[in-house]
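The residues making up each chain are set out below.
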There are 2 protein chains.
Amino acid sequence: MTATTPLPISIDDVHAAAARLDGVAHRTPLLRSRTLDARIGAPVALKAENLQRAGAFKFRGACNAVAALRPDGVCSVSSGNHAQALALAAREHGARATILMPADAPASKRAATEGYGAEVIEFDRYADDRDALARELAAERGFTLVHPYDDPLVMAGQGTVGLELVGELDDLDAVVVPVGGGGLIAGVATAVRALHPQARVVGVEPEAGDDVARSLRAGERVSVDVPQTIADGQQVTTPGEHTWPVIRALVDDVVTVADAEIVDAMRLLFERVKVVAEPSGATALAALMAGRVALRGGSVGVVISGGNVDAARFAALTAT
Amino acid sequence: MTATTPLPISIDDVHAAAARLDGVAHRTPLLRSRTLDARIGAPVALKAENLQRAGAFKFRGACNAVAALRPDGVCSVSSGNHAQALALAAREHGARATILMPADAPASKRAATEGYGAEVIEFDRYADDRDALARELAAERGFTLVHPYDDPLVMAGQGTVGLELVGELDDLDAVVVPVGGGGLIAGVATAVRALHPQARVVGVEPEAGDDVARSLRAGERVSVDVPQTIADGQQVTTPGEHTWPVIRALVDDVVTVADAEIVDAMRLLFERVKVVAEPSGATALAALMAGRVALRGGSVGVVISGGNVDAARFAALTAT
């Protein structure tokens with residue numbers, strides 16, 4: 001990347017997304033726990049995107065894309081949260097939706113996607129080329145493909161999470177954000193860099209899926225094997241074409257967490273904050289709790305990115 | 001009761017409590033789920049007291065009492081949530097706290113109470129006279145006894161839940177409230193009757209602990225055996241001396257729910273609303289979901305009164 005290459009999104013795109021989402025997406029609350037503050041040694045503000053419509057930040061990006069493009073039909077490939085989000089965004093705008101979902105996606109996510117009126121088609125996460133399948137489906141049906149993360153409209157929509165955080169926390173030291181394909185952190189970093197440049201933006205990946213951390217060290221996009229992790233929203237093998245230049249330019253650091261650390265964070269959110277986070281949704285807090293995020297004083301904004309986990313799976317995960 | 005007997009609390013007491021709690025207790029959010037609205041056939045606003053400090057509405061009453069009385073030390077007897085609430089309220093006001101807790105109280109509640117700096121003394125829920133024990137302790141130490149519900153300051157503090165609900169819902173049809181000793185519903189009914197008299201106030205008890213429902217039918221306070229129910233915050237045998245006249249005068253109806261219905265509501269809150277409710281905290285929603293609350297059109301306010309349940313107990317309850 002050179003200084004003359006513009007990034008795929010700017011703060012203007014994030015502001016435009018915020019206008020489209022006004023009254024449609026929830027402005028999610030910032031939750032706090034004094035127990036957590038004492039443990040971390042800093043005021044921690046949890047941006048509760050698990051309380052977002054369709055249970056995750058993904059609704060922001062999907063809704064921004066559908067609202068901007070106004071297609072007759074949309075399709076995508078998703079391990080779950082983007083599926084639900086796009087299905088709901090399509091229904092809100094009177095569009096049809098067909099979603100390719102991995103055969104091993106959590107049953108609750110598939111049921112919710114169908115519940116929002118979308119058609120679901122299964123694929124094999126470990127064998128098929130998900131992006132090729134999605135392109136074929138879009139061409140066949142004349143639907144607009146809305147990628148779960150590698151799309152400037154989706155990235156800008158997710159960036160409204162950062163816009164809200166920056167608007168509510170004057171003394172922001174760092175923003176900690178889960179990283180899957182990178183759409184959320186690309187959008188959040190765009191907002192934070194523009195409006196609160198002194199705050200650091202730190203991404204968090206599961207240990208087994210550290211493609212973005214490796215790419216930052218290598219200075220170029222690298223691929224990893226399909227990650228085996230409980231964090232099913234972050235089983236991504238390489239940074240996106242559009243998300244990568246933004247991450248490289250604007251993100252300070254990407255750290256990793258082990259599955260057991262993710263479970264610790266899920267349990268703390270349950271028992272002290274009284275909210276449900278799915279594994280991917282708890283990775284940013286897990287990194288903070290594990291001491292992987294350097295603190296310089298001031299508030300730490302932590303994105304709890306999703307809560308789509310059924311009670312039985314939650315019980316199985318936290319029983320270990 | 002005759003028309004000339006004033007009730008133990010008035011709306012003025014609830015307003016005074018609100019002033020004392022301002023900036024100390026959380027103004028908890030109203031959470032919504034379109035899935036739930038569709039299922040109930042009315043807009044449902046969930047007053048999330050599980051997100052209150054110390055994890056339950058109890059903090060409002062305890063804090064109002066401590067703020068009004070400014071004692072050197074407080075004591076009480078509680079199956080859990082009042083214990084944590086009073087311990088935290090005392091700490092906030094620089095007072096000492098000693099709590100009598102049943103020996104079979106959930107471990108997480110005892111740990112949290114001690115975590116707020118209180119001393120905990122055990123008693124046998126099924127053998128000892130809890131009120132006599134508490135009076136002895138207060139006399140021995142010169143501490144102020146803050147009853148978990150049968151105290152006008154506590155009732156007025158709990159009533160701020162109703163004040164907030166009424167302030168945010170113009171079209172309120174009914175407010176549905178869990179009933180243990182009756183402090184919450186007495187306070188809420190006081191606020192609702194004064195400020196939105198056309199809304200009904202409906203209480204909900206576990207089937208095994210229907211002392212208030214029976215008392216309303218009998219026209220006088222009756223006692224039941226110590227209830228065996230998962231709703232450990234509602235194991236109360238008779239209405240309070242102070243709560244009873246308010247309930248009798250201002251509450252429209254009290255209905256009951258089975259333990260299995262409570263679990264259904266806990267699961268829905270977990271999976272669709274992404275929040276944690278303890279069994280007692282979910283009883284009001286359970287009654288609404290089970291069709292026990294008549295609807296006339298307009299919004300239904302439902303108090304989710306507490307979230308103090310650890311992950312292991314939640315898993316065991318929802319596994320059935």
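This is a predicted model, so every value here is computed, not measured. (Residues numbered from 1 in each chain as written. Chains lettered and ligands numbered in written order. Predicted model: local features only at pLDDT ≥ 70, side-chain atom pairs only at ≥ 80, totals over all residues. Heavy atoms only, no water.)

Remarks on the overall build of chain A
Next, step 1: From N to C terminus, chain A includes 13 helices and 10 strands.
Next, step 2: In terms of overall size, chain A behaves like a compact globule, its C-alpha atoms giving a radius of gyration of 18 Å where 320 residues would be expected to give roughly 20 Å.
Next, step 3: Seen through its principal axes, chain A has C-alpha atoms that stretch 55 × 50 × 40 Å.
Next, step 4: Relative to its 320 residues, chain A shows a buried fraction of 63%.
Next, step 5: Considering only contacts in chain A between residues 6 or more positions apart, those separated by 24 or more positions represent 71%.
Next, step 6: Carbon and sulfur atoms make up 47% of the accessible area of chain A, which amounts to about 11300 Å² in all.
Next, step 7: Positive and negative side-chain charges of chain A, numbering 30 and 40 respectively, have mean locations separated by a distance of 5 Å. (Helix = DSSP H or I, 4+ residues; strand = E, 2+ residues; numbered from the N terminus. Rg over C-alpha atoms; globule rule 2.2 N^0.38 Å. Buried < 20%, exposed > 50% of the residue type's maximum accessible area, 1.4 Å probe, protein only. Contact = heavy atoms within 4.5 Å. Areas by Shrake-Rupley, 256 points an atom, 1.4 Å probe, with all protein chains shown as cover. Lys, Arg positive; Asp, Glu negative; His and termini not counted. Charge placed at Lys NZ, Arg CZ, Asp CG, Glu CD.)

Structural notes on a negative patch on the surface
Residues and elements named next belong to chain A.
Next, step 1: A cluster of acidic side chains, namely D124, D128, D129, E136 and E140, defines a negative patch on the protein surface.
Next, step 2: On the secondary structure map, D129 appears in the loop between strand 5 (119–123) and helix 6 (130–141).
Next, step 3: A residue is classified by how much of its surface remains accessible, and D129, at 47% relative accessible area, is partly exposed. (Patch = residues over 30% accessible without salt bridge, like charges linked within 9 Å, V, L, I, M, F, W, Y side chains within 5 Å. Salt bridge = Lys/Arg side-chain N within 4 Å of Asp/Glu carboxyl O.)

Some details on the relation of the copies chain B and chain A
Next, step 1: Least-squares fitting of chain B to chain A yields an RMSD of 0.0 Å, with the superposition described by an axial translation of 0.0 Å and a rotation of 180°. On this basis, the relationship between the two copies can be described by a two-fold rotation axis. Residue V275 of chain B, judged by its C-alpha, is the member of chain B lying nearest the rotation axis, at 2.1 Å.
Next, step 2: Interface overlap between copies is the fraction of interface residues in one copy that are interface residues in the other; for chain B against chain A it reaches 100%, indicating a shared surface. (Least-squares fit on C-alpha atoms with pLDDT ≥ 70 in both.)

What about helix 6 (residues 130–141) of chain B?
Next, step 1: Over its 12 residues, helix 6 of chain B runs 17 Å from end to end, which matches the ideal 16 Å to within 8%, given 1.5 Å per residue.
Next, step 2: Against strand 3 (73–77), strand 4 (96–102), strand 5 (119–123) and strand 6 (144–145) of chain B lie the buried residues of helix 6 of chain B. (Expected span 1.5 Å × (residues − 1).)

Section: the packing of aromatic side chains
Next, step 1: Using the criterion set out here, one finds 5 aromatic pairs over all chains in the structure.
Next, step 2: A centroid spacing of 6.3 Å and a plane angle of 50° characterise the contact between F270 of chain A and F270 of chain B, whose relative ring orientation is tilted. Here F270 of chain A, found in helix 11 (residues 259–273), pairs with F270 of chain B, found in helix 11 (residues 259–273), and the two come from separate chains. Like F270 of chain B, F270 of chain A is buried.
Next, step 3: Pairing F314 of chain A with F270 of chain B gives two aromatic rings, centres 5.1 Å apart and planes at 80°, and the pair type is edge-to-face. Of this pair, F314 of chain A sits in helix 13 (residues 311–318) while F270 of chain B sits in helix 11, which puts the two residues in different chains.
Next, step 4: Look at F270 of chain B and you get buried, because its relative accessible area is 0%. (Phe/Tyr/Trp six-rings, centres within 6.5 Å; stacked < 30°, edge-to-face > 60°.)

A word on the pattern of salt bridges
Opposite charge on two side chains allows them to pair when their charged atoms are near.
All names here are of chain B.
Next, step 1: Under the counting rule described, the total for this entry stands at 34 salt bridges over all chains.
Next, step 2: For E92, the salt bridge goes to R53, with nearest N and O atoms at 2.8 Å. Here E92, found in helix 4 (residues 81–92), pairs with R53, found in the loop between strand 2 (44–48) and helix 3 (58–69); they are 39 residues apart in sequence, far enough to count as distant.
Next, step 3: Between R214 and D210 there is a salt bridge, with the nearest N and O atoms lying 2.8 Å from each other.
Next, step 4: Looking at D210, the relative accessible area reads 10%, which means it is buried.

Regarding the sheet that holds strand 6 of chain B
Residue and element names in this part refer to chain B.
Next, step 1: The strand order across the open sheet formed by 4 strands is 5-4-3-6, and the pairing between neighbours is parallel. Only two strands of the sheet have a single partner each, and these edge strands are strand 5 and strand 6.
Next, step 2: When strand 4 meets strand 5, the two strands line up parallel, connected through 5 bridges. Considered in strand 5, the bridge of P102 is made with F123.
Next, step 3: The sheet contacts of helix 6 involve strand 3, strand 4, strand 5 and strand 6, and relative to strand 3 the element is tilted by about 165°. (Pairing = 2+ DSSP bridges. Axes fitted to C-alpha atoms, helices over the stretch in contact; angles between N-to-C directions.)

Some words on the sheet that holds strand 7 (residues 172–178) of chain A
All names here are of chain A.
Next, step 1: Reading across from one edge, 1-2-10-7-8-9 is the order of the 6 strands in this open sheet, with mixed pairing throughout. Two strands in the sheet have a free side with no partner beyond their single neighbour: strand 1 (30–31) and strand 9 (253–257).
Next, step 2: When strand 8 (residues 200–206) meets strand 9, the two strands line up parallel, connected through 5 bridges. In the sheet register, V202 faces strand 9, and the bridge partner there is D253.

A look at the side chain of N308 of chain A
Next, step 1: Within the fold, N308 of chain A resides in the loop between strand 10 (299–304) and helix 13.
Next, step 2: A polar contact of 2.6 Å, which involves the side chain of N308 of chain A, links it to the side chain of N81 of chain A.
Next, step 3: At 2.6 Å, the side chain of N308 of chain A forms a polar contact with the side chain of K274 of chain B. (Polar contact = N/O pair within 3.5 Å; in protein donor to acceptor, adjacent residues only side chain to side chain.)

Remarks on the interface of chain B and chain A
Next, step 1: Counting from both sides, the interface comprises 24 residues of chain B and, opposite them, 24 residues of chain A.
Next, step 2: Both faces considered, chain B and chain A share a buried interface measuring about 1900 Å² in area, 60% of it formed by carbon and sulfur atoms.
Next, step 3: For the pair chain B and chain A, the number of links is 0 salt bridges.
Next, step 4: For the pair chain B and chain A, the interface holds 8 residue pairs in polar contact (both at pLDDT 80 or more).
Next, step 5: Elements represented by at least two residues in the side of chain B that touches chain A include exactly helix 11 and helix 13 (311–318) of chain B.
Next, step 6: Each residue belonging to the side of chain B that touches chain A can be placed in one class, and the counts come to 11 nonpolar, 5 polar and 8 charged. (Buried area = accessible area lost by both parts, 1.4 Å probe. Nonpolar A, V, L, I, M, F, W, Y, C, P; charged D, E, K, R; others polar.)

Thoughts on the confidence of the model for chain A
Detail in the predicted coordinates should be disregarded across regions flagged by low pLDDT.
Next, step 1: Counting all residues, the mean pLDDT for chain A is 94, and 98% of those residues have values of 70 or more.
Next, step 2: For this predicted complex, the interface confidence score (ipTM) comes to 0.90, while the overall pTM stands at 0.93. (pLDDT = per-residue confidence, 0-100.)

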